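# Structure at a glance
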Amino acid sequence: MTADDAALQLVLALHRLVRSLRTPGQHPTRLLLLVQLIQGGPQRIGELADRIPCSQPTATTVANALAVEGLVRRVRDTSDGRAIQLQITDAGRAAVEGVVRGQADKLGERLTALAPAERAQVLAAVPVLRKMTTG
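Our subject in this report is the structure included herewith. Quick caveat: nothing in here was measured; it's all calculated off a predicted structure. (Residues numbered from 1 in each chain as written. Predicted model: local features only at pLDDT ≥ 70, side-chain atom pairs only at ≥ 80, totals over all residues. Heavy atoms only, no water.)

### Description of the overall build of the protein
Basically, it comes down to this: In DSSP terms, a helix is any run of H or I states spanning at least four residues, a strand is any run of E spanning at least two, and both are numbered starting from the N terminus. Between the two quantities, the radius of gyration covers C-alpha atoms and the globule rule is 2.2 Å times the number of residues to the power 0.38. Type-normalised accessible area, obtained with a 1.4 Å probe on protein chains alone, sets the label of each residue: buried when under 20%, exposed when over 50%, and partly exposed for intermediate values. The protein chains shown are the only cover counted for residues, whose accessible areas, like all others here, come from Shrake-Rupley with a 1.4 Å probe. Charge counting treats Lys and Arg as positive and Asp and Glu as negative, with His and both chain ends excluded. Charge placement uses NZ in Lys and CZ in Arg. For Asp and Glu, CG and CD serve respectively.
From N to C terminus, the protein includes 6 helices and 2 strands. In terms of overall dimensions, the protein is more spread out than a globule: its C-alpha atoms have a radius of gyration of 18 Å, far above the 14 Å expected for 135 residues. In terms of principal-axis extent, the alpha carbons of the protein reach across some 55 × 30 × 25 Å. When each of the 135 residues of the protein is scored for burial, the buried share is 23%. Surface accessibility of the protein: about 9100 Å² in total, with carbon and sulfur atoms responsible for 59%. Side chains of the protein carry 17 positive and 12 negative charges; the gap between the two charge centres is 2 Å.

So this is what it looks like as structure tokens:
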């Protein structure tokens, strides 16, 4: 297997794994937007769309739904009083925690089902995978 083939197989496996951990009906952009607000603080819709990444209309639609649910609130941009930023609420933080905890529980069950040597291989890869997500 070539390095390109291995990379393709890894991408497909990771996508399948992540998709299988999602809660049915939970759009991934919702979680990504909330996490971005936790990590980066209040941000404008355009900034969020660039960082997630998604289109600005998608970010706007998701942000509007999150605001209706009380997971984010609109606040004045401190650097430009005419502009609006989104800020995560305590309910938004709790929602992220709940989703992530649920996904971790599902993954934990799958790890437990693996043979000890397989589980050790997966867990040993975590630092390398984390390193690959930066930069």
